[in-house]
Amino acid sequence: MSHDPDCIFCKIVAGKIPSRKVYEDDELLGFHDIAPWAPVHFLLIPKQHIASLYDTTPEQHAGLLGKMLSLAPKLALEQGVVNGFRTFVNTGEDGRQEVPHLHLHVIGGPRPWAKG
Ligand code: 5GP
Ligand code: ZN
């Protein structure tokens, strides 16, 4: 499994940077965002270093990406979301991706939210 020693999310996967986990299995990790936009805001990431959606293909990553998205409702419910949530993936500079390790944002809870 590929890791980037300089990547902040790879360091979270390795336990070198602490996080508040919401989910973990062999290939995925879910943890609360450090700067939440809403009462619930967590990120789901692959444990392997994939820099962005640009680095995925249907042939190689459909299963992984499908699992990430389809886990979101179950995990959102577990975090107390009952009235809907947003899911998004920022990609590249114009997509305002700040951390170059693929991540799915899951954001919910009662409004108003700080952003989004
Ligand atoms: P992006 O803009 O790349 O889609 O989102 C990156 C997200 O990662 C931001 O919402 C930011 O708050 C979050 N983040 C950045 N560094 C850390 C960290 O060290 N720990 C956690 N839990 N979240 C982080
Ligand atoms: Zn990484």
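Described in the following lines is the structure provided in the data block.

Criteria and thresholds
- Residues numbered from 1 in each chain as written.
- Chains lettered and ligands numbered in written order.
- Predicted model: local features only at pLDDT ≥ 70, side-chain atom pairs only at ≥ 80, totals over all residues.
- Heavy atoms only, no water.
- Donors = N, O, S within 2.8 Å, 3.2 Å for Na, K, Ca; no water.
- Tetrahedral: all angles 85-135°; square planar, octahedral: opposite > 155°, others 65-115°.
- Helix = DSSP H or I, 4+ residues; strand = E, 2+ residues; numbered from the N terminus.
- Buried < 20%, exposed > 50% of the residue type's maximum accessible area, 1.4 Å probe, protein only.
- Pairing = 2+ DSSP bridges.
- Polar contact = N/O pair within 3.5 Å; in protein donor to acceptor, adjacent residues only side chain to side chain.
- Near = heavy atom within 4 Å.
- Areas by Shrake-Rupley, 256 points an atom, 1.4 Å probe, with all protein chains shown as cover.
- Expected span 1.5 Å × (residues − 1).
- Contact = heavy atoms within 4.5 Å.
- Axes fitted to C-alpha atoms, helices over the stretch in contact; angles between N-to-C directions.

**Focus on the coordination of the zinc ion (ligand 2)**
Turning to step 1, where the next piece is worked out: The zinc ion (ligand 2) binds to the protein through Cys 7 (SG), Cys 10 (SG), His 49 (ND1) and His 101 (ND1), with metal-donor distances spanning 2.0 to 2.3 Å.
Turning to step 2, where the next piece is worked out: Around the zinc ion (ligand 2), the four donor atoms are arranged such that angles at the metal cover 105 to 115°; this shape is classified as tetrahedral.
Turning to step 3, where the next piece is worked out: On the primary sequence, the residues serving as donors to the zinc ion (ligand 2) are separated as C-x2-C-x38-H-x51-H. Residue Cys 7 is found in the segment before α1 (8-13), and its partner His 101 is found in the loop between β4 (85-88) and β5 (104-108); the two are separated by 94 residues along the sequence.

**Quick word on the pairing of strand β3 (residues 40-46)**
Turning to step 1, where the next piece is worked out: With seven of its seven residues buried, β3 lies for the most part within the structure.
Turning to step 2, where the next piece is worked out: Covered by surrounding structure in β3 are Val 40, Phe 42, Leu 44 and Pro 46 together with His 41, Leu 43 and Ile 45, the residues of both alternating faces.
Turning to step 3, where the next piece is worked out: Examined bridge by bridge, strand β2 (residues 28-32) and β3 share five bridges and lie antiparallel to one another. Within β3, the position partnered with Leu 28 by the bridge is Pro 46.
Turning to step 4, where the next piece is worked out: Direction of pairing for β3 relative to β5: antiparallel, over a ladder of five bridges. Counterpart to Val 40 in the pairing with β5 is Gly 108.

**Side note on the side chain of His 103**
Turning to step 1, where the next piece is worked out: Looking at where His 103 falls in the secondary structure, it is placed in the loop between β4 and β5.
Turning to step 2, where the next piece is worked out: Of the polar contacts made by the side chain of His 103, one reaches the backbone oxygen of His 101; its length is 2.6 Å.

**Focus on the site of ligand 1**
Turning to step 1, where the next piece is worked out: Around ligand 1 there are 16 residues in total, and Asp 33, Asn 90, Glu 98, His 103 and His 105 lie nearest to it.
Turning to step 2, where the next piece is worked out: For ligand 1, an oxygen atom lies 2.8 Å from a polar atom in the side chain of Asn 90.
Turning to step 3, where the next piece is worked out: Take His 103: an N or O atom from its side chain is 2.8 Å from an oxygen atom of ligand 1.
Turning to step 4, where the next piece is worked out: In isolation ligand 1 has 520 Å² of accessible area, and contact with the protein removes 87% of it.
Turning to step 5, where the next piece is worked out: Those elements giving two or more residues to the shell around ligand 1 turn out to be α1 and β2.
Turning to step 6, where the next piece is worked out: For the shell around ligand 1, the leading source of residues is α1, giving three residues.

**Structural notes on helix α2 (residues 58-78)**
Turning to step 1, where the next piece is worked out: In this model, α2 (21 residues) spans 29 Å end to end at C-alpha, consistent with the 30 Å of a helix rising 1.5 Å per residue.
Turning to step 2, where the next piece is worked out: For α2, the elements touching its buried residues are β1 (21-24), β2, β3, β4 and β5.

**A word on the sheet that holds β4**
Turning to step 1, where the next piece is worked out: Pairing in this open sheet of five strands is antiparallel, and the strands run β1-β2-β3-β5-β4 from one edge to the other. Looking along the sheet, the strands with just one partner apiece sit at the ends: β1 and β4. Here the average twist between neighbouring strands, direction ignored, is 15°.
Turning to step 2, where the next piece is worked out: The pairing of β1 with β2 spans three bridges and is classified as antiparallel. Within β2, the position partnered with Lys 21 by the bridge is Phe 31.

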